[in-house]
Amino acid sequence: MLSKEPRLKGDDSKAWVAQQKLKIAIDGPAGAGKSTVAQLVAREVGYLYIDTGAMYRAATLLVLRAKIPLDHQKAMTELIQRSVIELQPTDASSPEKIRVLLNNEDVSAQIRSREVTAAVSAVSSVMLVRELLVDKQRKMAGLGAVILDGRDIGTVVMPDADLKIFLTASPEVRAQRRYDELTAIGENVDYDTILHEIVERDRKDTNRAIAPLRQAQDAVMILSDNMTISQVVDTIIKLCDKR
Ligand code: CDP
């Protein structure tokens, strides 16, 4: 939704982007920093941040709690269809980047557990599950002024996005970041195990038949190995400004 009005002199990037009500897509592999960056960009320009991975994680938590085997696709889909998954923005004082409600219960912390992380690729590869969640994501993004992050945003959910970013970093850097995050919250983890889990999840997300992780043709790749979070945020806001 680009405005055709001439740009005012002295108008800064953020105010300009805020006015444009753009649709921004950020895709990339596990642990590339998508959610941190997307949430910060959303705050800077007053957009709605939609963490689509959190929706797949909430669906996975539901399935695990109900003890539905991961190959029972019909039972899985029916359960997800009967349930309500909601995302709510948080403010800067909150430790969570987004609040996730599952049938009105706050599950923001539970969806980040390693059990959920280990099962999420299986649940997210089920076509009917994806159809349900993609439909919800498109409705939430409908009015623009949104930033969505995930695996298939630029390719499937919003092929019409105004700006598509493919945010990535080497597996070692991504594993180190995840290791630091987990040890900071007191989890006793081993770097090599985390690296293995990350590589394995990428392999599953990239090789699945439906909506695999892939860079959209018109996406801008940002390799964040040697960049700080604020450098990535600034780069994205500048790219929006050029739209
Ligand atoms: O751990 P990380 O924050 O990188 O992942 P996430 O964004 O929370 O996504 C968790 C999992 O959900 C991914 O590994 C994918 O299997 C799945 N996912 C997906 O299939 N499509 C999306 N648009 C977002 C996530």
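Note: the structure precedes this text.
Just so it is clear, the model here is predicted, and its values are computed rather than measured.

Procedures and definitions
Residues numbered from 1 in each chain as written. Predicted model: local features only at pLDDT ≥ 70, side-chain atom pairs only at ≥ 80, totals over all residues. Heavy atoms only, no water. Phe/Tyr/Trp six-rings, centres within 6.5 Å; stacked < 30°, edge-to-face > 60°. Helix = DSSP H or I, 4+ residues; strand = E, 2+ residues; numbered from the N terminus. Buried < 20%, exposed > 50% of the residue type's maximum accessible area, 1.4 Å probe, protein only. Pairing = 2+ DSSP bridges. Contact = heavy atoms within 4.5 Å. Axes fitted to C-alpha atoms, helices over the stretch in contact; angles between N-to-C directions. Near = heavy atom within 4 Å. Polar contact = N/O pair within 3.5 Å; in protein donor to acceptor, adjacent residues only side chain to side chain. Areas by Shrake-Rupley, 256 points an atom, 1.4 Å probe, with all protein chains shown as cover. Expected span 1.5 Å × (residues − 1). Salt bridge = Lys/Arg side-chain N within 4 Å of Asp/Glu carboxyl O.

(A) Representation of the packing of aromatic side chains within the structure. In this structure the tally under the stated criterion is 1 aromatic pair. An angle of 75° between the planes, with centres 6.4 Å apart, marks the rings of Tyr179 and Tyr191 as edge-to-face. Remark: Tyr191 occurs in helix 9 (residues 191-207) and Tyr179 occurs in helix 8 (residues 171-184); sequence separation between them is 12 residues. Overall, the relative accessible area of 25% leaves Tyr179 in the partly exposed class.

(B) Representation of the sheet that holds strand 3 (residues 85-89) within the structure. Reading across from one edge, 3-4-5 is the order of the 3 strands in this open sheet, with antiparallel pairing throughout. The open sheet has two edge strands, strand 3 and strand 5 (105-106), and neither has a second partner. Two elements, strand 3 and strand 4 (residues 98-102), share 5 bridges in a ladder whose sense is antiparallel. From the neighbouring strand, Pro89 faces strand 4, where its bridge partner is Ile98. Running over the sheet, helix 3 (residues 52-65) touches strand 3, strand 4 and strand 5 and is turned about 35° from strand 4.

(C) Highlighting the site of the ligand. The environment of the ligand is formed by 19 residues, the closest being Arg57, Arg130, Asp152, Arg201 and Asp205. Here a nitrogen atom of the ligand and a side-chain polar atom of Thr52 are 3.0 Å apart. Between Ser124 and the ligand, the recorded distance is 2.9 Å, taken from a side-chain N or O atom to an oxygen atom. Taking 530 Å² as the accessible area of the ligand by itself, protein coverage stands at 97%.

(D) Quick peek at helix 10 (residues 229-241). Taking 1.5 Å of rise per residue, 13 residues should cover 18 Å, and helix 10 covers 19 Å from first to last C-alpha, within 8% of that figure. Among the residues making up helix 10, those that are buried are Val232, Val233, Ile236, Ile237, Leu239, Cys240 and Asp241. As for helix 10, its buried residues are in contact with helix 1 (13-20), strand 1 (23-27), helix 2 (34-45), strand 7 (163-168) and strand 8 (220-223).

(E) Molecular detail of unusual backbone geometry. Residues other than glycine seldom take positive phi values, yet Lys21 does so here, at roughly 50°. The topology assignment puts Lys21 in the loop between helix 1 and strand 1.

(F) Geometry of the sheet that holds strand 8. As summarised here, the arrangement of the 5 strands in space is 2-6-1-7-8, forming an open sheet in which the pairing is parallel. Edge positions in the open sheet fall to strand 2 (48-51) and strand 8, since each of these has one partner strand only. Within this sheet the neighbouring strands show an average axis-to-axis angle of 20°, counted without direction. With 4 bridges joining them, strand 1 and strand 7 adopt parallel strand pairing. Each residue of the ladder has a partner; that of Ile26, found in strand 7, is Ile165. The strands that helix 3 touches are strand 2 and strand 6 (146-150); relative to strand 2, the one it contacts most, it runs at about 40°. Lying on the sheet, helix 10 is in contact with strand 1, strand 7 and strand 8; it crosses strand 7 at an angle near 160°.

(G) Region of the structure containing the pairing of strand 4. The element strand 4 is extensively covered by neighbouring structure, given that 4 of its 5 residues are classed as buried. Across 2 bridges, the pairing between strand 4 and strand 5 is antiparallel. Across the sheet, residue Leu101 finds its bridge partner in strand 5, namely Asp106. Hairpin geometry of strand 4 and strand 5 is characterised by an intervening segment of 2 residues between the two adjacent antiparallel strands and by a positive phi of about 45° at Asn103.

(H) Structural detail: helix 5 (residues 114-124). Where helix 5 is concerned, the buried positions are Val116, Thr117, Ala119, Val120, Ser121, Val123 and Ser124. The secondary structure elements touched by the buried residues of helix 5 are helix 3, helix 4 (73-82), helix 6 (127-141) and helix 9.

(I) Summary view of the pattern of salt bridges. The final tally for this structure, using the stated rule, is 15 salt bridges. Between Lys74 and Glu78 there is a salt bridge; the shortest N-O distance is 3.2 Å. On the criterion of helical spacing, the pair formed by Lys74 and Glu78 is a turn pair, its members being 4 residues apart in helix 4. The salt bridge partner of Arg151 is Asp205, with a shortest N-O separation of 3.2 Å.

Purely geometric numbers; function is a separate question.
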